[in-house]
Amino acid sequence: MVQRLTLISHAPTAATRAAAFPLDEGIDEKARRDASALSGDLPQFLTAWTSPARRAIETAAALNVDAKIEPLLRDMDLGRWAGRTFADVEATEPEDMVRWLSDTAASPHCGESVVALLARVANWLRTAAERQGRSVAVTHPAVIRAAIVVAIEAKPVSFWRIDIAPLSIVELGSNGKRWTLKSISA
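Let us look at the structure shown here. (Residues numbered from 1 in each chain as written. Predicted model: local features only at pLDDT ≥ 70, side-chain atom pairs only at ≥ 80, totals over all residues. Heavy atoms only, no water.)

1. Notes on the overall build of the protein chain
- When you go through the protein chain residue by residue, the secondary structure sums to seven helices and six strands.
- If you list the helices and strands of the protein chain from N to C, you get β-α-α-β-α-β-α-α-α-β-α-β-β.
- Over its C-alpha atoms the protein chain spans a radius of gyration of 16 Å, differing by no more than 12% from the 16 Å that the globule rule assigns to 186 residues.
- On the principal axes, the C-alpha backbone points of the protein chain span a range of 50 × 40 × 25 Å.
- Put simply, the protein chain has 186 residues, and 47% of those count as buried. (Helix = DSSP H or I, 4+ residues; strand = E, 2+ residues; numbered from the N terminus. Rg over C-alpha atoms; globule rule 2.2 N^0.38 Å. Buried < 20%, exposed > 50% of the residue type's maximum accessible area, 1.4 Å probe, protein only.)

2. Some thoughts on the sheet that holds strand S3 (residues 68-69)
- With respect to topology, six strands assemble into an open sheet ordered S3-S2-S4-S1-S5-S6, the strand pairing being mixed. On the outer flanks of this sheet lie S3 and strand S6 (179-185), each paired with one strand and no other.
- Here strand S2 (residues 47-50) runs beside S3; their pairing, made up of two bridges, is parallel. Residue pairing for S3: Trp49 is matched across the bridge by Lys68.
- Contacts from helix H6 (residues 114-128) reach strand S1 (3-9), S2, strand S4 (133-139), strand S5 (169-174) and S6 within the one sheet, and its direction differs from that of S1 by about 140 degrees.
- Here helix H7 (residues 141-151) sits on the sheet and contacts S1, S4, S5 and S6; the angle it forms with S1, its principal contact strand, is near 145 degrees. (Pairing = 2+ DSSP bridges. Contact = heavy atoms within 4.5 Å. Axes fitted to C-alpha atoms, helices over the stretch in contact; angles between N-to-C directions.)

3. Re the packing of H6 against H7
- One can describe the packing of H6 onto H7 by two numbers: an axis separation of 9 Å at closest approach and a directional angle of 70 degrees. It follows from the interaxial angle that H6 and H7 lie roughly perpendicular. Across from Leu117, Leu118, Arg120, Val121, Ala122 and Leu125 in H6, the residues of H7 making contact are Ala142, Val143, Ala146, Ala147, Val149 and Val150.
- By residue class, the composition of the contact of H6 with H7 is 11 nonpolar, no polar and one charged. (Parallel < 35°, antiparallel > 145°, perpendicular 65-115°, else oblique. Nonpolar A, V, L, I, M, F, W, Y, C, P; charged D, E, K, R; others polar.)

4. Some remarks on unusual backbone geometry
- Even without being glycine, Glu153 reaches a positive phi, approximately 55 degrees.
- Classification of Glu153 by relative accessible area gives exposed; the value is 69%.
- For Leu167, which is not a glycine, the phi torsion comes out positive at approximately 65 degrees.
- A relative accessible area of 12% means that Leu167 is categorised as buried.

5. Examining the packing of aromatic side chains
- The tally for this structure, following the rule as stated, stands at seven aromatic pairs.
- Measuring from centroid to centroid gives 6.0 Å for Phe21 and Phe86, while their planes differ by 45 degrees, and the two rings are tilted. Separated by 65 residues along the polypeptide, Phe21 in the loop between helix H1 (14-17) and helix H2 (29-38) and Phe86 in helix H4 (residues 86-92) bring together distant segments of the chain.
- When the ring centre of Phe159 is taken as origin, the NZ or CZ atom of Arg145, which lies over that ring, is 4.0 Å away. (Phe/Tyr/Trp six-rings, centres within 6.5 Å; stacked < 30°, edge-to-face > 60°. Lys NZ or Arg CZ within 6 Å of the ring centre and 35° of its normal.)

6. A short note on the nonpolar core
- Grouped together as the largest cluster of nonpolar side chains are 34 residues, with contacts concentrated most on Leu5, Leu7, Leu117, Trp124, Leu125, Leu172 and Trp179.
- Contributing elements (two or more residues each) for this core: S1, helix H5 (94-102), H6, H7 and S5.
- The leading source of residues in this core is H7, at eight residues.
- Ile8, Phe45, Val65 and Ile169 belong to the second largest nonpolar core, which has 17 residues in total. (Core = buried A, V, L, I, M, F, W, Y, C linked by side-chain atoms within 4.5 Å.)

7. Quick notes on the pattern of salt bridges
- Counting across every chain of the model gives 14 salt bridges.
- The partner of Glu171 in a salt bridge is Arg4, with the nearest N and O atoms 3.1 Å apart. Remark: Arg4 occurs in strand S1 and Glu171 occurs in strand S5; sequence separation between them is 167 residues.
- Between Arg32 and Glu58 there is a salt bridge; the shortest N-O distance is 3.3 Å. Taken together, the residues span a long stretch of sequence, with Arg32 in helix H2 and Glu58 in helix H3 (residues 54-62) at a distance of 26 residues.
- The network of salt bridges with shared partners includes Arg80, Arg84, Asp88, Glu93, Asp96 and Arg99. (Salt bridge = Lys/Arg side-chain N within 4 Å of Asp/Glu carboxyl O.)

On their own, these measurements won't tell you what the molecule is for.
Pasting the structure below:
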């Protein structure tokens, strides 16, 4: 059994441009055009999923991908930091920011820890590996970073050493027993 999974990071939003922790915002017209420009380069997929977030659903639509909403592909829950800029949180809660960036089990924002995100994504990848053929998922940079960490069986702290830009494409492959990282393109 061979599975090929394409993970696409949602198009940029006002939050990504402002280096802010996102709320459930949509994409603007420029982001829609940028996503649409990629649609012709995508292969045919047997299965397509999207995060339930507006920015992912709108990106899937701009890519002309008819995707089913998958709750496990939702963005990392950043609790009370959602909607705030990274700089604001760093200035007002420096100890919490350092703890969050150094301890993958920490969730000082009262949301989801990196370890919890990795477990959620690992569970989803187990079910995705059961499908044959090509699949696509439009989701979030954090989810894609987690999928890479899970696929290559890296330590959780590796999550912080992977950068996924808006509209990045990551290819994973599975033989039904394990995932491998095939490619990353931005």
